[in-house]
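# A closer look at the structure
Take a look at the letters that make up each chain.
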Amino acid sequence: MRVPRGHSPSARIAWRHSPYLPFPHRMGSAEGQSPSARVWGIPKPQFPPSPVLPGREKGGRGDEGVQLSILAVHLLTPEITSGGDRAFVELARRWQQAGAEVTLIVPEIAARRCQEEISPSKMYVLKGSLIDAHRLYSRYLFLLPLVYLLRALKSCRLIRTAGGEVLYTTGDFFCDTIPAFYHRLKFPQTRWVATIFHLNESPFKRRGNTFIMSVVSWVLQRFSFVLIKRLADRVFLLNHAVKERLVRLGFSPEKLCVVGAGISLAEINAATSRSKRGPEGCFLGRLNPSKGIFDLPEIWDMVVREMPSARLLIIGSGSAEWTERLKREIQRRGLEENITIAGFLPKSEVYSLMKSSRVFLSTSYEEGWGIAMAEALACRLPVIAYDLPAYRPIFGDALYPIPRGDTKQFATAIVRLLQDEDLRKSMTEQAYKVVLTYDWDRVAEREMSLIRELL
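This part takes up the sheet that holds strand β6 (residues 234-237). On the basis of which strands lie adjacent, the open sheet formed by seven strands has the order β3-β2-β1-β4-β5-β6-β7 and parallel pairing. Two strands lie at the open edges of the sheet, namely β3 (122-126) and β7 (256-258), each paired on one side alone. Strand-to-strand twist across the sheet, computed as the mean angle between neighbouring axes with direction ignored, equals 20°. Where strand β2 (residues 101-107) meets β3, five bridges bridge the pair, whose relative direction is parallel.

What follows is the structure in structure tokens.
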């Protein structure tokens, strides 16, 4: 198949073998569909429309005319579940709706989900290697750096085709930062906006992951920091604690902007609680050791000793290795009737299940913000969480804090809340008022304002 002149070899590869790569001059769009939605042969997805924000009304300054290329080549699953990944999806969708020209560069495995949720102006898809095709990195985690390196090299070639005034990297993954650094070096007129969610702890202190994985993760994050520090024009952060640490690492304070995160209040309010009795406990997050998933069976085992019929619902997906290990631990403790792993679920169903639950568990050992907890609070669900530095400035006293790693105290808190309905209600009412100020529309407006200052 002939490829339009001027496209890079990597674009030709995607054009021949993938239906995901739309070129605007090759498409017509049906009424009510974006060009990219027409290529996919699916209707444009329906999401609750974002309210018109100041400056975005027709004829106003808005986001119109901004050409934004978003690099998200680190995605590893068809589902987009982690907080950082949900953030770029929510923001990109709002920018596209507000009139910006959003171009995505994503791996093939996540292309359909990105198309359905964002409906971008253009999308460029990285064809995967054999490792990608069979998702071998899910079972053999040592292959992940190799997968990311191959994606980074492919993206360096593809990013020039995508173009755009601004490059937006969706995290500090080196497969995103290397192409952005290369393109910024070669084309200085392009602006680069980077995002950093949190700093990995020292491998000697980090809990959950194996020591070797923690070392590799720490080294690669520090490598990305070097690239971002040198050539990024703006760095968006979730909290001030991260900003202070980055300044100590030599980042210019003028480049660092704390923008926070948000939740989709309209979608949460539209969800309804299920009529039948829901689970006593609910966990939402990526199934990864850093999220404390292996603390959950131990905690719930102690809860069941006090309340034998208590049930815990675990929502989220992760690598095959970690998921299988979690299932084995549940079976070892004889908790198959008390703990259910639901996997990935649509957001509307997640919110309904949250509203049917009685308490939310957050066992993360590291977080930059806490989107899942904010969603739980917006569902009027009391949250018990390990006491992390990032939480206090954001949520204040809205959480029930537990010393990190203290599973016994965590279980005691769950039992107390389940048995004290008045305490649960008082916590939820107080917490709901806190999260009303956190909405993705405000975050999208803030970030776009900062991006426009660069142009």
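The next point concerns the sheet that holds strand β11 (residues 359-362). Strands sit in the order β10-β9-β8-β11-β12-β13 across an open sheet of six strands; the sheet is parallel. Edge positions in the open sheet fall to β10 (339-343) and β13 (400-402), since each of these has one partner strand only. For this sheet, the mean inter-axis angle between neighbouring strands, taken without regard to orientation, is 25°. Where β11 meets strand β12 (residues 383-386), three bridges bridge the pair, whose relative direction is parallel. By the bridge assignment for β12, S362 is matched with A385. Each of β11, β12 and β13 is contacted by helix α16 (residues 407-419), which is oriented at about 170° to β12, the strand it contacts most.

Turning next to empty space enclosed by the protein. Once rolled over the atoms, a probe with the size of a water molecule shows which space is left empty. Under the counting rule described, the total for this entry stands at three cavities of 30 Å³ or more. Of the pockets and cavities examined, the largest cavity occupies roughly 100 Å³. A87, Y168, T195, F197 and E447 are, among the 16 residues lining the largest cavity, the residues nearest its centre. Contributing elements (two or more residues each) for the lining of the largest cavity: α3 (83-97), β4 (166-169) and α18 (440-452).

Reading the values: the criteria
Residue positions within a chain follow its written sequence, with the count starting from 1. pLDDT decides what is reported in this predicted model: residues at 70 or higher carry local features, side-chain atom pairs at 80 or more are listed and counted, and totals for whole chains, interfaces and linings draw on all residues regardless. Excluding hydrogens and water, the side-chain figures rest on all heavy atoms present in the structure. For two strands to pair, DSSP has to find at least two bridges joining them. Every helix listed is a DSSP run of H or I at least four residues long, and every strand listed is a run of E at least two residues long, numbered separately from the N terminus. Only the stretch in contact is used when fitting a helix axis, every axis being a line fitted to C-alpha atoms; angles between N-to-C directions are given from 0 to 180 degrees. Every residue pair with non-hydrogen atoms within 4.5 Å of one another is taken to be in contact. Here a cavity denotes grid points, spaced 1 Å and computed from the protein atoms alone, that fit a 1.4 Å probe unable to get out, and a pocket denotes an open set having protein on both sides within 12 Å along at least 5 of 7 lines; residues with an atom within 4 Å of a point are the lining. Grid points are joined across faces, edges and corners, and a volume is the space filled by probe spheres set on the points.

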